[in-house]
Amino acid sequence: MKKFLSVLLSATLVLGLTACGSKPAAEKPAEGDTAKKELTLGFIVGSREHVFYNLIEEGIMTASKDLGFKAIVLDGELDSNVTSDHISNLVAQGVDAIALSCNDPGGTTPAMEAADKEGIPVFTFDCTSDVTDVVKCFVGTDNVEGGRLGGQETVRLAEAGKTVGIINFDEPQSCIDRRTGWEEVVKASDKKLNIIDIGNYEGDAAKAEQLMSDALSANKNDIAVVFAVGDPAATGALAAIKAAGADTKIIGFDGNPEAKAAILDAENGKYWVSEISQNPIEIGKQISKNMVDYLNNGSVTEAKIMIAPYIITAENAAK
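If you're wondering where the values come from, they're calculated on a predicted model, not measured in any experiment.

## Observations regarding the overall build of the chain
Helix and strand counts for the chain stand at 10 helices and 12 strands. Among the 319 residues that make up the chain, the fraction classed as buried is 49%. With an accessible surface of roughly 15400 Å², the chain has 51% of that area assigned to carbon and sulfur atoms.

Pasting the structure below:
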């Protein structure tokens, strides 16, 4: 009987050790298995008031499902203070990486560098900072080339010697680049076009409308073409041109749905005739992919990924 109890006690101890010890090898994640830890990535878009950034967010959320990470997406409100606060809060939350649209490099770079010092890798999309080396990867549109395309359309649409204008946005590097490309082409044209600076719309369609209205008044409605560095500026310009009874042609920049709708519209298409299109959904997907690649492999394929823009007119706006 004693022998039986001894065997029973030994068996019970073995079972107890198995239950409280480590899991059997078959239940452990395989080496290199992506199930190791769900990544949490923080994103700060320029402004949710702009369709363009909403489409980037759509690309990010699609990537989060495809690549299996948790996305925290915040609105920077085109304000460096708001964006910097978001960066600090994301660091405090312990995210694995941060990506932002760096619309104001001077204002947000200190917060980006602080995040990097905390061991949180920083990425940028749409707009980046050239005054720091902490950015692991930038994904955006080739904005200088986009500006050149806008310049080509301006030259195509304007008769020789006519006045053409630009509604710019002086803070984001992306818009500065668009202006650079546009001026390069327009100034080099043998049509000798008269260039006027309509003003900085600061990302506000209402301000763009007022700037355009003032420019039309000052030039007696004689502005052949206006190049808007963003679709909100083109929307404002459209309202001002129609109100003034002018026949100025508009070239927008972004490729948002409202731009395509305007170009295809029987009335609005008389004015908004051309658009330089970006691919914001692809930007969102690509920045997400490169963040995941960096966190998993310690590197990215390329430090700068430029997505080529293209021209939209009534001929291809419905595609």
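Still more to cover.
## Topic: the nonpolar core
Counting residues in each nonpolar core, the largest one holds 45 residues, and the members touching the most others are Ile167, Met212, Ile241 and Ile250. Looking at this core element by element, the count peaks at 6 residues for helix α8 (residues 231-244). Not counting residues within four places of it along the chain, the set of residues in contact with Ile241 comprises Met212, Leu216, Val226, Ala246, Thr248, Ile250 and Tyr271. Among the nonpolar cores identified, the runner-up in size contains 24 residues, and Val45, Ile60, Ala63 and Phe69 belong to it.

## Structural notes on a negative patch on the surface
Taken together, the side chains of Glu49, Glu77, Asp79, Asp85, Asp104, Asp170, Glu171 and Asp204 make up a negatively charged region of the molecular surface. Looking at where Asp79 falls in the secondary structure, it is placed in the loop between β2 (70-75) and α3 (80-93). Of the residues examined, Asp79 reaches a relative accessible area of 30% and is grouped as partly exposed.

## Some points on helix α4 (residues 105-117)
Along its 13 residues, α4 runs 18 Å from first to last C-alpha, staying within 8% of the 18 Å computed at 1.5 Å per residue. All of the buried residues along α4 are Pro105, Thr108, Thr109, Ala111, Met112 and Ala115. On its buried side, α4 packs onto α3, β3 (97-100), β4 (122-125) and β5 (135-141).

## Overview of the packing of aromatic side chains
Following the criterion strictly, the structure yields 6 aromatic pairs and no others. Aromatic side chains Phe169 and Tyr201 sit 5.5 Å apart centroid to centroid with 65° between the ring planes, which places their arrangement in the edge-to-face category. Remark: Tyr201 occurs in the loop between β7 (194-200) and α7 (205-218) and Phe169 occurs in the loop between β6 (163-168) and α6 (173-188); sequence separation between them is 32 residues. When the ring of Trp182 is compared with that of Phe227, the centres are 5.9 Å apart and the planes differ by 10°; the resulting orientation is stacked. Here Trp182 is found in helix α6, whereas its partner Phe227 is found in strand β8 (residues 225-228), with 45 residues between them in sequence. Its relative accessible area of 0% is what places Trp182 among the buried residues.

## A closer look at empty space enclosed by the protein
Under the criterion given, the structure shown has 2 cavities of 30 Å³ or more. The calculated volume of the largest cavity comes to roughly 150 Å³. Looking at which element gives the most residues to the lining of the largest cavity, the answer is α6, with 3 residues. In terms of residue class, the lining of the largest cavity is made up of 10 nonpolar, 5 polar and 3 charged. In this structure, the second largest cavity spans a volume of roughly 50 Å³. In this structure, the second largest cavity is lined by Val45, Gly46, Gly76, Leu78, Asp79, Ser80, Thr83, Ser101, Asn103, Asp104 and Thr108. Residues of the lining of the second largest cavity, tallied by class, amount to 2 nonpolar, 7 polar and 2 charged.

## So, the packing of α7 against α8
How two helices sit against one another is set out by the angle between their axes and by the gap between those axes. Running from N to C, α7 and α8 cross one another at 40°; their axes reach a closest spacing of 7 Å. With respect to each other, α7 and α8 are oriented oblique. Two packed elements cross with a definite hand, and for α7 against α8 that hand is right-handed. Listed contacts from α8 to Ala205, Ala208, Glu209, Met212, Ser213 and Leu216 of α7 are Pro232, Ala233, Gly236, Ala237, Ala239, Ala240, Ile241 and Ala244. Classifying every residue of the contact of α7 with α8 gives 11 nonpolar, 2 polar and 1 charged.

## Some thoughts on the state of the cysteines
The tally for this structure, following the rule as stated, stands at 0 disulfides. The closest cysteine sulfur to the non-disulfide-bonded Cys102 is located on Cys127, 7.5 Å from its own sulfur. By relative accessible area, which is 0% here, Cys102 ends up buried.

Reading the values: rules and limits
- Residues numbered from 1 in each chain as written.
- Predicted model: local features only at pLDDT ≥ 70, side-chain atom pairs only at ≥ 80, totals over all residues.
- Heavy atoms only, no water.
- Helix = DSSP H or I, 4+ residues; strand = E, 2+ residues; numbered from the N terminus.
- Buried < 20%, exposed > 50% of the residue type's maximum accessible area, 1.4 Å probe, protein only.
- Areas by Shrake-Rupley, 256 points an atom, 1.4 Å probe, with all protein chains shown as cover.
- Core = buried A, V, L, I, M, F, W, Y, C linked by side-chain atoms within 4.5 Å.
- Contact = heavy atoms within 4.5 Å.
- Patch = residues over 30% accessible without salt bridge, like charges linked within 9 Å, V, L, I, M, F, W, Y side chains within 5 Å.
- Salt bridge = Lys/Arg side-chain N within 4 Å of Asp/Glu carboxyl O.
- Lys, Arg positive; Asp, Glu negative; His and termini not counted.
- Charge placed at Lys NZ, Arg CZ, Asp CG, Glu CD.
- Expected span 1.5 Å × (residues − 1).
- Phe/Tyr/Trp six-rings, centres within 6.5 Å; stacked < 30°, edge-to-face > 60°.
- 1 Å grid on protein atoms, 1.4 Å probe; cavity = no way out; pocket = protein on both sides within 12 Å on 5 of 7 lines; lining within 4 Å.
- Points joined across faces, edges and corners; volume = space filled by probe spheres on them.
- Nonpolar A, V, L, I, M, F, W, Y, C, P; charged D, E, K, R; others polar.
- Axes fitted to C-alpha atoms, helices over the stretch in contact; angles between N-to-C directions.
- Parallel < 35°, antiparallel > 145°, perpendicular 65-115°, else oblique.
- Left-handed = near helix turned anticlockwise from the far one by under 90°.
- Disulfide = S-S within 2.5 Å.

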